[in-house]
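Residue strings, one per chain:
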Amino acid sequence: MSDIPDLDVFQCNLDGINLIEASAGTGKTWNICGLYLRLLLERGLDVQQILVVTFTNAATAELRERIRTRIVETRDYLASGIAPDGDPFVPTLVTGLVARLNIAEDDMVRRLDLALRTFDEASIFTIHGFCQRALGDNPFAAGLPMAMELIQDDSDLLMESVPPCRRN
Amino acid sequence: MLKLTFANHYETLRDELLSAIASGSASPFAAEQIIIPSVALRRDLTLSMATRHGVCANVEFAYLAQWLWRQIGKVVPGIDSESPFAAPVLTWRIFQILSDPRFASGFPRLTNYLKAVDAVARLDFATRVASLFEQYMTYRPEWLADWSAGKSVSIKGETANVAEDQAWQAALWRTITSQLGTEREHPASRFLKTVEKTAGATDRFGLPEAAHVFCLPAMPPLYIDILQQLGRWIDLRVYVLNPCREFWFDIVDRRRLSYMDVRGEKDYHETGNPLLADWGQQTKAHIELVLERSGDAPVDDGGFEEQTSDTLLARLQNTILNLVDIAPGSRVTEPGDRSIEIHVCHSLTRELEVLQDQLLALLAGSNPPSPADILVVTPDLEAAGPLIEAVFGNAPPGRYIPFTLTGRARSTINEPARAFLQLLTVATSRFTASDVFDLLQQPILARRFGIEADDLDLVRDWITSSGIRWALDGSHREQYDLPGVDRYSFDDGLQRLFLGYALPKEASAAWQDRVPAGGVEGAEAMLLGRFAHFVDELARLRRDTRQPKAAEAWRTLLFDTLNDFLAADKNDIDDLAEVRDAIRELYGNMARGGITENLTLDVVRTALELLLDDPARGGVPTGKLSFSSISSLRSLPFRIICVVGLNDGAFPSAMRPAEFDLMALSPRPGDRQRRTDERNLFLDLLLAAREKFYLSYTGRSIRDNAPLPPSILVAELIELLVPATCTDPASPEQRDAARRRLVLEHPLQPFSARYFAADTDPRVRSFNAELCEAQRQGLSSARAAVVALPVDTGENISDSDDDGDEEASSEPTTRFFSTLLVAPGDEWRDVSLDQLLRFFRNPCRYLLRERLGIVLSRDDDELADDEPFLADFSARTALAERLLPHYRSGMGDDDLRVLALAGIEYPPGTLGASLIDLELATLKRFAMEVTTAEASPCLPPCHSTVSFDLDGESWRLTAAFADLRPGGLVRHRYDDTRATDYLTGWLTHLFLCALQPDEVALESRWISRNGEYRLRSCEEPEKVLQELLALYRRGLREPIHFFPKSAWKYIDGGESLAKAIATWKSTRDRPWGEEEDPAYRLALRGIDDPLDEDFELCTATVFTPMMTCIEDDRL
């Protein structure tokens, strides 16, 4: 396994397909926040253009909140120079961006402001949520009813379709 | 003449309007024309007018679109007074056009869609296209003109799909206009041309002299143009709510500013007031358009008023009025300023409970508002409705605030409508037992068939005992590609019930392959008849509604069905009239939409429901505390405005434009956009609050207390206000303090001590006296460490059972029995054998029931909606109960089989038949064993009492035997031998031995399905009974640790505690451990390990003597 490089979230390439493998508690979410902010700041993407997908509703809510908090922290750091206690994330990110790409701090504040104001449209979903959104946005192309609702438990429907299987 | 009036307060505009009407020079016979945006404003104006003038009369309220159409119709000849392009009518025309596959053939996207969906989805699609076309009519009339002329319009970023969407929409538009035979030209442009031609003419075309356009939050540009032209003849006053006295059209929204900023276009734009720029875009665009398009109309803008008070809310509103920025550190709040507050709770229910307490605090404070001064809005009123009823409706008189929910969907709150829609759903359904029974639970429907609420239990029993599961009959089943088996259908069940009435009880033969059920007797037959009539009527309804029908036929059928199935009492009459109106309106829409296609019931039902739930019906202000959706009471001012349920994603909602919405692809100023719409709505609420703006959201997970984000609007407000309200925004402590002033975190539970303790935040207080009392008692009892809480009703118990999750945690729970009960008195000392048996089968249940009067009822089983798939325990028992007497009376095997197959216990078909054959063999063997064992006749009954002395008290044990034989006792039960069978046999045997009747062997036999056991005469039965009776006496004071199943395993396994524990405990694979019994769970609450020494002692007392005299080759 030694040929797999360690991830450096503040330097790595933002292109292509990457698999990042890590155990629980090693900072996957922390790293996603880093990638997200880099995409916002380096690539100048809007929050609608970055898709983040995870498993459960709870994880999605946490991820949303964490990313949003990061954006606020970074903006506050840029505006006031105060970093959150004991977390090197924001200073490292900002210094890295300034050093490597020479992005003006004003630009960064503006981009982050934009991201915050439109954050309700950020594409951070569960897998189900993303699929539901994809279908809900394109029912006409998908040949589905215009109004759909998600059923949490389909066992009743399954039960209803069992009897035909046990006909005489 | 067109005249504009601006003001920042609704009250000012209203006064202007009322004065204008009072001083109006119009003829007293002409009705005043007032154009309003919602029913809420209509109600408010009506009431205000009545208050001011004593009466509100001769006023015509109208919505802008309809009113304009009527006026155009007066000017331009050949136009109906009602628009054929109104969405409800246009929907049916589009539905009709789309049902012809030839129309869609040239458009693959449309064809594919229409092929993929059913008629109901097609109706939904047509509804959306119709409202889209209505939007085009007002916002893009020139597109429609181009389409009529056969041209296409250019749309930004046009892809092949967009081009095709435009093509089919254009074709659809041409088809619609050619069907209607209207001029190709848009009526509005014809109007405008006519106006040009008649410039200077004095002819008034019968238009009204004056009209007032009041408080519309937005108007399409086209309508403003028409209004401006109408201003030539009509004295037209437009009243506009304008939050800002400065012109603020060039303040750029910060979001757009951010975009422009990134692109370096910011330059000379300044942000002015951030809230206004962010949230006020719709109002901004609206006012801009009105000013731009209304030419040189005079503007009266003297009506701007500052808030005079000095609260945070007032200052915030003034910054908006004066267009000043809210700079950090600029608005330091006074201590005790609670004009803007954000409450963070764990669930919507908690939000409402907190809201109730906070409102009570306001009502108890100085200068209290009246309930009518308070408005509560929430994004999803339908979801919140039942919770609001639960929290506010169940408050005791001392805490009751008169309240009303306004603007809820009619199909949920109009009882006749609900019953009627439910009936129509059932008519096309599988007719499951529970669906049909649910119908009968609607009083308005049951009343028509003479079935009272008291009758329902009996009907339910009949449904169960006659095996009714689903379908009307076999032929109904065949429609689902299933075998046409009658059994388990309504028809079959009713036949059995009739047989039960007609045949004598002891009838032994099956009649036409059915055995009787229900045992209906006497007057119950009347009810059975009514139930049968009800089912017949349902069957008729199903027959009548199966085939698609013309609109006209549906109207007749729906009215007939309404009469045949619903019987309104005097409370329902208005609601029923509403349903009739809806049916009439639905037919009107269909007829005017030119529908000729035959429609299915599904389509008609869906359309009726949509019509009833039309959001335009909206909410109205009342004299009580009003709960409404966020939009329905827009613009109306209240002293206190509360917004609850402001969760992330709930508001602004994530609604997106339809895929084929061409307008959304090339937006223009003045277009309605849901996003800006909802932000503006929130700003309007903030501005309409006169004293307090109260927000709440679910900001903590109810499972793990993790923080949850609020709606982005709340987050923006907090981020703006926190730095603004502290003196030094750079200091984190100051910011935290400012945040705590604004945001209040609430505990998870309403009974938290934080609500009642004297030293906590006084802003977080509860008015709940009962919980306070409970807290006080809890605190004092914690100090004194005394008795358990008095629990005397079943309700408290089920409450504690609900929190199963929490109970599973390792937290110590209070003991239920912490002291001994009072010793049983003399009246307890005559004990029958039957009582003793009941006691030992479940000592805890006996204790709770007999000493405390606690009966832990089990919920009724739900009605089963499917045929049985396997023969379960109850089916086997029921079959055995039915057949055994016949076996023992010597019925032949073939007859028995016929009888067995004629029942409803087993699954239908081959599967059931083969299961029955297996069962019959076992049954036969069992029956023969029992018959052989009971061959000798019974002796005369005997009855006896044995006396015991327990610590000086005299106790008596009584029993009667009617089935003694010379060979002893023979008992049997068709089941495998269970622990309780051993227990029952043993106790009975003990009594037999103690009694020692003449000429009877002191032996017992217990015959089970899987074998038998015998008991020989035992030593010293009185001594054993005395010990058992002592246990009984103790068990009447506290729970003794005797649990028959675990105890039997313990004995059977050679005094193995491990086996007892395996039986007692539940595991994931075996969740039915003996500990699950509700009586044990309650009585043993707080006892860590019931399988202790007492368990071993009790078990030894009960079962060990038995082992010396039992003969059982299975042990």
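Residues numbered from 1 in each chain as written. Chains lettered and ligands numbered in written order. Predicted model: local features only at pLDDT ≥ 70, side-chain atom pairs only at ≥ 80, totals over all residues.

1. Examining the overall build of chain B
- A count of helical and extended segments in chain B gives 46 helices and 21 strands.
- Judged by the C-alpha coordinates and their principal axes, chain B covers about 125 × 75 × 60 Å.
- Burial status across chain B gives 39% buried among its 1115 residues. (Helix = DSSP H or I, 4+ residues; strand = E, 2+ residues; numbered from the N terminus. Buried ≥ 20, exposed ≤ 12 C-beta atoms within 10 Å, placed from the backbone.)

2. Some thoughts on the sheet that holds strand S5 (residues 235-241) of chain B
Residues and elements named next belong to chain B.
- Reading across the sheet, the six strands line up as S3-S2-S4-S5-S1-S6 and stay open at both edges, with parallel pairing between neighbours. One side of each edge strand has no neighbouring strand; the edge strands of this open sheet are strand S3 (59-62) and strand S6 (299-303). On average, each strand axis in the sheet is tilted by 20 degrees relative to the strand beside it, whichever way the strands run.
- In the sheet, strand S2 (residues 32-35) pairs with S3 via four bridges, with the strands oriented parallel. Looking across to S3, one finds that Glu 32 is bridged to Val 59. (Pairing = 2+ DSSP bridges. Axes fitted to C-alpha atoms, helices over the stretch in contact; angles between N-to-C directions.)

3. With respect to the interface of chain A and chain B
- Counting from both sides, the interface comprises 31 residues of chain A and, opposite them, 31 residues of chain B.
- The set of elements that each furnish at least two residues to the side of chain A that touches chain B consists of helix H2 (57-80), helix H4 (105-117) and helix H6 (139-142) of chain A. (Contact = placed C-beta atoms within 7 Å.)

4. Thoughts on helix H36 (residues 833-841) of chain B
Residue and element names in this part refer to chain B.
- Of the positions making up H36, those classed as buried are Leu 836, Phe 839 and Phe 840. Looking straight down H36, one finds its buried side chains confined to an arc of 90 degrees; they lie on one side.
- The secondary structure elements touched by the buried residues of H36 are strand S14 (830-832), helix H37 (843-852), helix H41 (979-995), helix H42 (1021-1035), helix H43 (1044-1052) and helix H46 (1093-1107). (Arc of directions from axis to C-beta.)

5. Description of H42 of chain B
- The first and last C-alpha atoms of H42 of chain B sit 21 Å apart over 15 residues, in line with the 21 Å expected at 1.5 Å per residue.
- Buried within H42 of chain B are the following residues: Pro 1021, Val 1024, Leu 1025, Leu 1028, Leu 1029, Tyr 1032, Arg 1033 and Gly 1035 of chain B. (Expected span 1.5 Å × (residues − 1).)

6. What about the domain arrangement of chain B?
- Under the domain assignment, chain B is made up of domain 1 (2-80 + 191-243 + 280-303), domain 2 (87-181), domain 3 (319-408 + 624-657 + 669-745), domain 4 (411-612), domain 5 (826-858 + 937-1111) and domain 6 (873-933).
- The straight-line distance from the C-alpha centre of domain 2 of chain B to that of domain 5 of chain B is 79 Å. (Domains from an automatic or database assignment.)

7. A closer look at the sheet that holds strand S20 (residues 1011-1015) of chain B
All names here are of chain B.
- Pairing is mixed in the open sheet, where five strands are placed in the order S17-S18-S19-S20-S21. Of all strands in the sheet, those bounded by a partner on one side alone are strand S17 (964-965) and strand S21 (1110-1111).
- In this structure, S20 lies alongside S21, joined through two bridges in antiparallel fashion. By the bridge assignment for S21, Leu 1015 is matched with Ile 1110.
- The strands touched by helix H40 (residues 909-933) within the sheet are strand S18 (968-972) and strand S19 (1004-1008), with S19 carrying the most contacts at an inclination of about 165 degrees.

8. A short note on the pairing of S19 of chain B
Residue and element names in this part refer to chain B.
- Across the five residues of S19, five count as buried, placing the element largely inside the fold.
- Residues Ser 1004, Trp 1006 and Ser 1008 line one face of S19 and the alternating positions Arg 1005 and Ile 1007 line the opposite face, and both faces are buried.
- Sheet topology places S18 next to S19; four bridges connect them, and they run parallel. In the strand pairing of S19, Val 970 is matched with Arg 1005.
- Note that the unit made of S18, H41 and S19 has a crossover that is right-handed.
- As defined by bridge partners, S19 adjoins S20 across five bridges and the pair is classed as antiparallel. (Right-handed = clockwise from strand over helix to strand, strands pointing away.)

9. Some remarks on the environment of Leu 216 of chain B
Residues and elements named next belong to chain B.
- In this fold, Leu 216 is placed in the loop between strand S4 (210-214) and helix H11 (221-230).
- Exposure remark for Leu 216: the 21 C-beta atoms within 10 Å place this residue in the buried category.
- Between the C-alpha atoms of Leu 216 and Ser 752, which are 536 residues apart in sequence, the distance is 46 Å.
- Each residue touching Leu 216, except ones within four places of it in the same chain, is listed here: Pro 37 and Leu 64.

10. As for the packing of helix H4 (residues 87-98) of chain B against helix H27 (residues 573-592) of chain B
Residues and elements named next belong to chain B.
- Their axes nearest at 7 Å, the elements H4 and H27 cross at an angle of 55 degrees. It follows from the interaxial angle that H4 and H27 lie oblique. Our pair here, H4 against H27, has a crossing hand that is right-handed. Residues Pro 88, Val 89 and Trp 92 of H4 form the contact with H27, whose participating residues are Asn 589, Met 590 and Arg 592.
- In terms of residue class, the contact of H4 with H27 is built from four nonpolar, one polar and one charged. (Parallel < 35°, antiparallel > 145°, perpendicular 65-115°, else oblique. Left-handed = near helix turned anticlockwise from the far one by under 90°. Nonpolar A, V, L, I, M, F, W, Y, C, P; charged D, E, K, R; others polar.)

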